[in-house]
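# An overview of the molecular structure
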Amino acid sequence: MPIAVILGGGFAGLTIANKLAIKLKKRKEVEIVLIEPADSHLYEPGLLYYPFNDKPLSKLEKPISKILRKNVKHIKQKAIKIDYENKKITLEDGEVIDYNCLVMATGVDLKEERLGLTDKDNVHHFYSAEATLKIREALKNFKGGNIVISPSTVPYKCPPAPIEFAFLLDEYLRRKKIRDKTNIKFLYPLPRPFNIRVVAAKILKLFEKKDIEFEPFFNYDKIDTENKKILSFEGDEASYDLLVIIPPHEGQDIIKDSGLGDKEGFVLTDRETLQVEGQKSIYAVGDCTNIPVSKAGTVAHFAADVIVKNMISKIDNKEPTARYDGKTLCFLVTSSSKSFLLDFSFKKEPRKIGLHSWRIYGIMKKLFQYFYFGGLITGRI
Amino acid sequence: MVDYEISISIDARGSFCPGPMMELIKAIRQSEVGDFVEVLSSDEGSLQDIPAWIAKAKHELIDTVKKADFNRFIVKKTW
Ligand SMILES: Cc1cc2nc3c(=O)[nH]c(=O)nc-3n(C[C@H](O)[C@H](O)[C@H](O)COP(=O)(O)OP(=O)(O)OC[C@H]3O[C@@H](n4cnc5c(N)ncnc54)[C@H](O)[C@@H]3O)c2cc1C
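The rules behind the values
- Residues numbered from 1 in each chain as written.
- Chains lettered and ligands numbered in written order.
- Predicted model: local features only at pLDDT ≥ 70, side-chain atom pairs only at ≥ 80, totals over all residues.
- Heavy atoms only, no water.
- Pairing = 2+ DSSP bridges.
- Helix = DSSP H or I, 4+ residues; strand = E, 2+ residues; numbered from the N terminus.
- Axes fitted to C-alpha atoms, helices over the stretch in contact; angles between N-to-C directions.
- Contact = heavy atoms within 4.5 Å.
- Phe/Tyr/Trp six-rings, centres within 6.5 Å; stacked < 30°, edge-to-face > 60°.
- Buried < 20%, exposed > 50% of the residue type's maximum accessible area, 1.4 Å probe, protein only.
- Parallel < 35°, antiparallel > 145°, perpendicular 65-115°, else oblique.
- Left-handed = near helix turned anticlockwise from the far one by under 90°.
- Nonpolar A, V, L, I, M, F, W, Y, C, P; charged D, E, K, R; others polar.
- Patch = residues over 30% accessible without salt bridge, like charges linked within 9 Å, V, L, I, M, F, W, Y side chains within 5 Å.
- Areas by Shrake-Rupley, 256 points an atom, 1.4 Å probe, with all protein chains shown as cover.
- Salt bridge = Lys/Arg side-chain N within 4 Å of Asp/Glu carboxyl O.
- Lys, Arg positive; Asp, Glu negative; His and termini not counted.
- Charge placed at Lys NZ, Arg CZ, Asp CG, Glu CD.
- Domains from an automatic or database assignment.
- Buried area = accessible area lost by both parts, 1.4 Å probe.
- Polar contact = N/O pair within 3.5 Å; in protein donor to acceptor, adjacent residues only side chain to side chain.
- Near = heavy atom within 4 Å.
- Core = buried A, V, L, I, M, F, W, Y, C linked by side-chain atoms within 4.5 Å.

## Concerning the sheet that holds strand S3 (residues 60-66) of chain B
Residue and element names in this part refer to chain B. With respect to topology, four strands assemble into an open sheet ordered S1-S2-S4-S3, the strand pairing being mixed. The open sheet is flanked by strand S1 (6-11) and S3, the only strands paired with a single partner. Going across the sheet, the axis of each strand differs from the next one's by a mean of 15°, ignoring polarity. Note that S1 and strand S2 (residues 36-41) share five bridges and pair parallel. Bridge pairing links Ser 9 to Glu 38 in S2. Its contacts with the sheet put helix H1 (residues 19-30) on S1, S2 and strand S4 (71-76), and the angle it makes with S2 is roughly 165°. Seen against the sheet, helix H2 (residues 46-57) touches S2, S3 and S4 and runs at an angle of roughly 0° to S4.

Structure below.
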């Protein structure tokens, strides 16, 4: 019996599992297996807003059993090794799973331990539920001073997220009436705040308007917690009272241990076929790949259709012909009521879709989580 | 043509901005003061971004060699 295995049940893995389940509904001879240790799925884009409100984070979660289609078998375990020569996956408890076709969707590993911090250091981030609750408390207790925002590595998930955080922080501090007592500094490893020049120019203008200081070419080196300073590899430093640092991103251990990744553990993936380098039966999707596109859910969404088509071709012993063109849709939130939407691909210059109305955005913001759980991740769209 | 004793050579051809620049930063982190690092990049953006980063980080851009479909940057780690 052909077995399609999806390794990792985050946004990308769940979407692919459900899309395959829809397409192969009548093909009982194909078994679809998802390997994912978690019971529930977190809507990560929502994390951006939760440092600034009091809502319970459980609002962003949904059990995987309510997302996954019935014809997908969920193995609730972590996988530790892929033997691609014999098409076998070893699980943490020693069980071995066979596959005919495999999709790697293991996301990224946030290496907070590499920063060597303790809870007392007033250094935070908002890239996990736990961290979001902590930064919320830190912001509640903040009375004014220097807030420094910086990613520690490139690439990191959702390139605009730290920028959006800075915009929402500006608004939050104004609401708290302590904006005049606070400097916001945005330190960035690259020459521009966004890889695409026209978008970067727009962001720089907004930074200026909102009095957010931007410093390019600041590549994180270390944090001096005693003197509350962040130091760069270029020899610069910035003092903070509260530091918001996006933790280092790496690929998962299984990728490194199975010899399928680059030095950082991101899966070596062909950017068009989405096949893993040198592997005809393994595809990769989402944040775990080394493809030069944003680590974002929208990228995974568009890539998922390509992978599903190619997997079905493989199952039917046909040549897989679907190709990913780099399509990315990117929301860029500029305040709690405004945003713009960008649309680009490998060959297409970014186009700004004219979403800059608070009314439309207000509605979209509320609907997006519904759309995410109700449409995207269920494989219907 | 001057030949340098290159201690780390990075072939970032085919990689897109900011890939080549980030690869260079990684190589400089790993090398010793006085070492020469070379990076090959086919991304046009590197022609601006790599020299700008070197100036900011106060290292030395020894040479930029233009080839048919890529550029070769030779950088000396100065501190
Ligand atoms: C604050 C924030 C805001 C964001 N905003 C947006 C946005 O507005 N728009 C957008 O498009 N994207 C956004 N993103 C990015 C988006 O959330 C991610 O790109 C998306 O979740 C990636 O999905 P993924 O499935 O590749 O990875 P993940 O969702 O991280 O899933 C990976 C899964 O693999 C599992 N796994 C890992 N290792 C193993 C193993 N060895 N065995 C088995 N399972 C394993 C993990 O348990 C996990 O469930 C945001 C991210 C953050 C943090």
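## Description of the packing of aromatic side chains
Residues and elements named next belong to chain A. Inspection of the entire model under this criterion finds 18 aromatic pairs over all chains. Consider the rings of Phe 126 and Phe 165, whose centres lie 4.6 Å apart with planes at 5°: the pair is stacked. One end of the pair, Phe 126, is in the loop between strand S11 (123-124) and helix H2 (129-141); the other, Phe 165, is in helix H3 (residues 161-175), and 39 residues separate them in sequence. In this pair, the class of Phe 126 matches that of Phe 165, namely buried. Judged by centre distance (5.6 Å) and plane angle (55°), the ring pair of Phe 368 and Phe 371 falls under tilted. Linking Phe 368 with Phe 371, this pair stays in helix H7 (residues 358-376), spanning three residues, or about one helical turn. Residue Phe 368 is classed as partly exposed on the basis of its relative accessible area, which comes to 23%.

## Notes on the packing of H3 of chain A against helix H4 (residues 197-209) of chain A
Residue and element names in this part refer to chain A. Two elements in contact, H3 and H4, have axes separated by 11 Å at closest approach and are oriented at 25°. The pairing of H3 with H4 is recorded here as roughly parallel in orientation. Considering only the axes of H3 and H4, their crossing is left-handed. Residues Ile 163, Ala 166 and Phe 167 of H3 touch H4, and the partners they reach there are Ile 203, Leu 206 and Phe 207.

## Let's talk about the sheet that holds strand S17 (residues 237-239) of chain A
Residues and elements named next belong to chain A. Read across the open sheet, the three strands follow the order S15-S16-S17; overall the sheet is antiparallel. Each edge of the open sheet is held by one strand with a lone partner, namely strand S15 (220-224) and S17. Sheet twist, expressed as the mean angle between neighbouring strand axes with direction ignored, is 20°.

## Topic: the environment of Pro 216 of chain A
Here Pro 216 of chain A lies in the loop between strand S14 (212-215) and S15. Classification of Pro 216 of chain A by relative accessible area gives partly exposed; the value is 28%.

## So, the packing of H1 of chain B against H2 of chain B
Residues and elements named next belong to chain B. At their nearest, the axes of H1 and H2 sit 9 Å apart, and the two run at 30° to each other. Taken together, the axis directions place H1 and H2 in an arrangement best described as roughly parallel. Viewed along their axes, H1 and H2 form a crossing whose handedness is right-handed. Facing Pro 20, Met 21, Leu 24, Ile 25 and Ile 28 of H1, the residues of H2 in contact are Ser 46, Asp 49, Ile 50, Trp 53 and Ile 54. Here the residues of the contact of H1 with H2 sort into eight nonpolar, one polar and one charged.

## Looking at a negative patch on the surface
Residue and element names in this part refer to chain A. Together, Asp 270, Glu 272, Glu 277 and Asp 325 make up a region of like negative charge exposed at the surface. With respect to the secondary-structure elements, Glu 277 resides in the loop between helix H5 (253-257) and strand S20 (282-284). Glu 277 gets classed as exposed once you look at its relative accessible area, which sits at 55%.

## Side note on the pairing of strand S6 (residues 79-83) of chain A
For a regular strand, side-chain orientation follows a simple rule: the groups alternate between the two sheet faces. Pairing of S6 of chain A with strand S7 (residues 88-91) of chain A, which is carried by four bridges, proceeds in the antiparallel orientation. Residue pairing in the sheet places Lys 81 of chain A in a bridge with Thr 90 of chain A of S7 of chain A.

## Some remarks on the domain arrangement of chain A
Residues and elements named next belong to chain A. Taken domain by domain, chain A holds domain 1 (3-108 + 251-324) and domain 2 (113-248). Relative to domain 2, the C-alpha centre of domain 1 lies at a distance of 31 Å. In this complex, domain 1 contributes 17 residues to the contact, which on the side of domain 2 involves 22 residues. Both sides together, the interface formed by domain 1 and domain 2 hides about 1,600 Å², and carbon and sulfur atoms give 70% of it. Per-residue buried area on domain 1 facing domain 2 is highest for Leu 48, Pro 51 and Phe 52; these three make up 41% of the total on that side. As a salt-bridge pair, Lys 140 and Asp 54 come within 3.1 Å of each other at their nearest N and O atoms. At the surface where domain 1 touches domain 2, the tally comes to six residue pairs in polar contact (both at pLDDT 80 or more).

## Side note on the site of the ligand
Residues and elements named next belong to chain A. Lining the immediate surroundings of the ligand are 29 residues, of which Ala 12, Glu 36, Glu 44, Asp 287 and Gly 297 lie closest. A distance of 2.6 Å is found between an oxygen atom of the ligand and a side-chain nitrogen or oxygen belonging to Glu 36. Within the side chain of Asp 287, one N or O atom sits 2.8 Å away from an oxygen atom of the ligand. Protein contact buries 87% of the 1,000 Å² of open area that the ligand shows by itself. Elements with a minimum of two residues in the shell around the ligand: helix H1 (11-23) and helix H6 (297-315). Tallied by class, the residues present in the shell around the ligand amount to 13 nonpolar, 10 polar and six charged. Mapping the shell around the ligand onto the domain boundaries places at least three of its residues in each of domain 1 (3-108 + 251-324) and domain 2 (113-248).

## Remarks on the nonpolar core
Within the largest apolar cluster, 112 residues are counted, with the highest numbers of intra-cluster contacts made by Leu 20 and Leu 169 of chain A together with Trp 53 of chain B. Sorting elements by how many residues they give to this core places H6 of chain A first, with 10 residues. Not counting the four nearest positions on each side in its chain, Leu 20 of chain A is found in contact with Ala 4, Ile 6, Ile 32, Val 308, Met 311 and Ile 312 of chain A. If you look at the next biggest cluster of nonpolar residues, it comprises 22 residues, including Leu 7, Tyr 99, Met 104 and Ala 284 of chain A.

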